[in-house]
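One-letter residues, chain by chain:
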Amino acid sequence: MIESKEQTCVVIGASHAGVNFAFSLRKEGWQGKIILFDADPHLPYHRPPLSKAFLTSEAGIANYLLKPEQSYQNESIELQLGKSVTSINRDLKVISLSDGHIQSYDKLVFATGARALVPNIVGLSAGAHVCYLRTAADVLKIKEAYGLSKSKKVLIIGGGYIGLEIAASLKKLGASVVILERERRILSRVTSPEMSAYFYNLHTQNGVEVYANKQVVSVETLEETKQVTCQDGSEYLADLIIVGVGVRVNFELAESIGLEIENGIKVNEFAQTSDSDIYATGDCTNHFNPHYGRYVRLESVQNAVDQGKVAAAAISGKWQAYDSIPWFWSDQYDTKLQIVGLADGYDDLIMREDDNQKRSVWYFKAEKLLSVDAINNAKAYVIGTKVIKENKHINKNVLSDISIPLNYDLLTS
Ligand SMILES: Cc1cc2nc3c(=O)[nH]c(=O)nc-3n(C[C@H](O)[C@H](O)[C@H](O)COP(=O)(O)OP(=O)(O)OC[C@H]3O[C@@H](n4cnc5c(N)ncnc54)[C@H](O)[C@@H]3O)c2cc1C
Ligand SMILES: NC(=O)c1ccc[n+]([C@@H]2O[C@H](COP(=O)([O-])OP(=O)(O)OC[C@H]3O[C@@H](n4cnc5c(N)ncnc54)[C@H](O)[C@@H]3O)[C@@H](O)[C@H]2O)c1
C-alpha cells in the first residue's frame, strides 16, 4: 500500500532507529511527508564512536554522521533538529514541540531511545568535573574537562561497556583510570563470569585499576579534586568523574498518551504499539523475539536498524515479522569483541582458546546454541551466527577439541 502525497509520517528521535526508519520508509515507496524531530541539535551521528574513536581523536562530529546532509534533501526527509516533542494529542493526531509549534501526523513513530541513568549518589551533581556519555555534547564536555584536569586522574563509576570503552580510550591518551563497579564483577548485566574475567585482565594489564563490589555512595568536592566514597568506606580521589551506570528508556511521552508500557514501549512483531497508527523502534522498545520465545529490550545499533526496516515495511502494508538475531560489538584496546545471540538463561558453556589472541565462548541451553562471544575471532562469530540462525545442533566434543579447527561442517555433522 503506497500512501498518498498528503499523508505525513512524524518520527520522534533522529538517531540510529529514527534515521534508518525514515530512509527505509522512503525506499518502501511512501510518497507523503517524512519529518524527523530530535532534541539534539547536531546532524544525526553514529553513537558507538562516542566512547571509542571520537573520544580520542581531534575529528569533529561531522566525521561520524549517519548520513551526509545532502541525502536527507535527496530523499525529501525533513530534519527538525534541536526540537523536543513535549506532548501528543492522539485524538487530533498532533504533536506539540518545545518551541510552541504543533505538527499533525497520519503515522507516528517513537524512536526516542534512552538517556544516561543519573544515580542517586550524595554530592554527585553534574558539574564541570562530573560527566556522562550518551551524546556528542557529552563527549565534548569530557574532552574539555579532561584537557583541563591537572593529574589526569579519571574515576569511572560503572563497569559496563560504557565504562570499559571509556577507560580503554582514555588510557590511550595517557590517563590514570580507576573503575568502580557496584556488582561482584564488571559486565555482570551483559555477559558471563568468564568474559568478565577476560575483560578484567585486559584492563588491569593495560594499567587500569578495576574494583568490584564498590557501590559509590557519596562524592565530595575538595578544591579541584573530587573525593569518592564507597559503601565499604573506601575512598578515591580524582580530577574527573565519568558516570556510566546504565540507561533509562525514554518512554514517558508514550506513557502519557496511554500506550502500553512494559520495560519500554511494548510493540508487536511489526514494531506497532497498542495504537495501530503509532509505531516504535530501537532502544525504547520491548519486542517479542521468536528465536528466544520471549519479549526483549535491546540496546544495540543492529536492533535500531533492523526494527526500523520492519516498521517501515509494516506502514507500507508489508507485514514482515521482526525476527533478527541480535548482535553486538565492542572495541577495547586491540581487542574486538563480537557477540551474536542472547546468552540469558544458559546452562552450559564451552570456552575455546584458538590461540592467545583468538578466543570464543559458546553458550547453550538444553543443547541449543544461544549465543557466542568471539574475541578477535571473526570465524567463531560467523559460524555461531549461522548455527543459531539455522537452529543446528553442535557437536560439543568437536567444539571443545582445540586440535580441530573451527569449521561449520565439522561442528554440525
Ligand atoms: C557511547 C556509546 C557507545 C555505544 N557503542 C555501541 C556499540 O559499539 N555497538 C552497539 O551495538 N551499540 C552501541 N551503543 C548503543 C547504541 O548506540 C544504541 O543502541 C543506539 O543508539 C540506539 O538507537 P536509538 O535511535 O534507538 O536511540 P538513541 O540513539 O538513544 O536516540 C534517541 C534519540 O531520540 C531523541 N529524543 C528522545 N526523546 C525525544 C523527544 N521527546 N523529542 C525529540 N527528540 C527526542 C534523543 O535526543 C536521541 O537523539 C553505544 C551507545 C553509546 C551511548
Ligand atoms: N559496545 C557496546 O555495545 C556499547 C558500548 C557503550 C555503550 N553501550 C550502551 O550504552 C548504554 C549504557 O551502557 P552502560 O555501560 O552505562 O550500562 P550497563 O547497564 O551495561 O552497565 C552499567 C554498570 O554500572 C554498574 N553500576 C550501576 N550503579 C552503580 C553504582 N552506583 N556504583 C558503581 N557501579 C554501578 C552496574 O552494575 C553495571 O555493571 C547501554 O545501552 C549499552 O548497551 C553499548
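Structure shown above.
Residues numbered from 1 in each chain as written. Chains lettered and ligands numbered in written order. Predicted model: local features only at pLDDT ≥ 70, side-chain atom pairs only at ≥ 80, totals over all residues. Heavy atoms only, no water.

Q: Mind showing me how you'd approach the site of ligand 1 here?
A: Near ligand 1, the surroundings consist of 32 residues, among which Ser15, Asp38, Arg47, Lys52 and Asp283 are the closest. In this structure, Val85 approaches ligand 1 through a main-chain N or O atom, which is 2.9 Å from a nitrogen atom. Between ligand 1 and the protein, one listed contact pairs an oxygen atom with a backbone N or O atom of Trp329 at 3.3 Å. Within the complex, 90% of the 990 Å² of free accessible area of ligand 1 lies under protein. Sorting the residues of the shell around ligand 1 by element identifies helix H1 (16-27), strand E2 (33-38) and helix H8 (301-315) as the ones contributing at least two each. Here the shell around ligand 1 is built from residues that sort into 15 nonpolar, ten polar and seven charged. Counting only domains with at least three residues in the shell around ligand 1, you end up with domain 1 (8-113 + 250-315) and domain 2 (130-246). (Near = heavy atom within 4 Å. Polar contact = N/O pair within 3.5 Å; in protein donor to acceptor, adjacent residues only side chain to side chain. Areas by Shrake-Rupley, 256 points an atom, 1.4 Å probe, with all protein chains shown as cover. Helix = DSSP H or I, 4+ residues; strand = E, 2+ residues; numbered from the N terminus. Nonpolar A, V, L, I, M, F, W, Y, C, P; charged D, E, K, R; others polar. Domains from an automatic or database assignment.)

Q: I keep staring at the sheet that holds strand E18 (residues 265-266) and nothing clicks. Help me out?
A: Within a sheet, each strand pairs with its neighbour through backbone hydrogen bonds, oriented either parallel or antiparallel. Across the sheet, three strands lie side by side as E18-E20-E21; this open sheet has mixed pairing. The open sheet has two free edges, formed respectively by E18 and strand E21 (294-296), since each of these has just one partner strand. Both E18 and strand E20 (residues 285-289) contribute to a ladder of two bridges, which runs parallel. Looking at the pairing, Ile265 lines up with Thr285 of E20. (Pairing = 2+ DSSP bridges.)

Q: What's the story with the packing of aromatic side chains in this structure? I'm lost.
A: For any two aromatic rings, the description comes down to two numbers: the centre-to-centre distance and the angle of the planes. Considering all chains together, one arrives at eight aromatic pairs under this definition. Relative to Tyr295, the ring of Phe288 has its centre 5.5 Å away and its plane inclined at 70 degrees; by these criteria the two rings are edge-to-face. For Lys143, the ring lying beneath its charged end belongs to Phe54, and the centroid distance is 4.3 Å. The lysine or arginine in question, Lys386, covers the ring of Tyr408, its NZ or CZ lying 4.5 Å from the ring centre. (Phe/Tyr/Trp six-rings, centres within 6.5 Å; stacked < 30°, edge-to-face > 60°. Lys NZ or Arg CZ within 6 Å of the ring centre and 35° of its normal.)

Q: What am I meant to see in the site of ligand 2 here?
A: Of all residues adjacent to ligand 2, which total 22 residues, the nearest are Glu165, Glu181, Arg189, Glu299 and Trp329. Side-chain polar atom of Arg189 to an oxygen atom of ligand 2: 2.8 Å apart, as the coordinates give it. Protein coverage of the free-state accessible area of ligand 2, which is 860 Å², stands at 89%. Looking at the shell around ligand 2, the elements with two or more residues in it are helix H5 (161-172) and strand E22 (327-332). Here the shell around ligand 2 takes three residues from H5, the largest share from any one element. The residue makeup of the shell around ligand 2, split by class, is eight nonpolar, six polar and eight charged.

Q: Would you mind going over the environment of Glu252 with me for this structure?
A: The topology assignment puts Glu252 in helix H7 (residues 252-256). Residue Glu252 is classed as partly exposed on the basis of its relative accessible area, which comes to 37%. Linking Glu252 and Ile265, residues 13 residues apart in sequence, is a C-alpha distance of 9.3 Å. Within the local environment of Glu252, its side chain forms a polar contact with the side chain of Arg115, the two groups lying 2.8 Å apart. (Buried < 20%, exposed > 50% of the residue type's maximum accessible area, 1.4 Å probe, protein only.)

Read these as layout, nothing more, since geometry by itself doesn't imply function.
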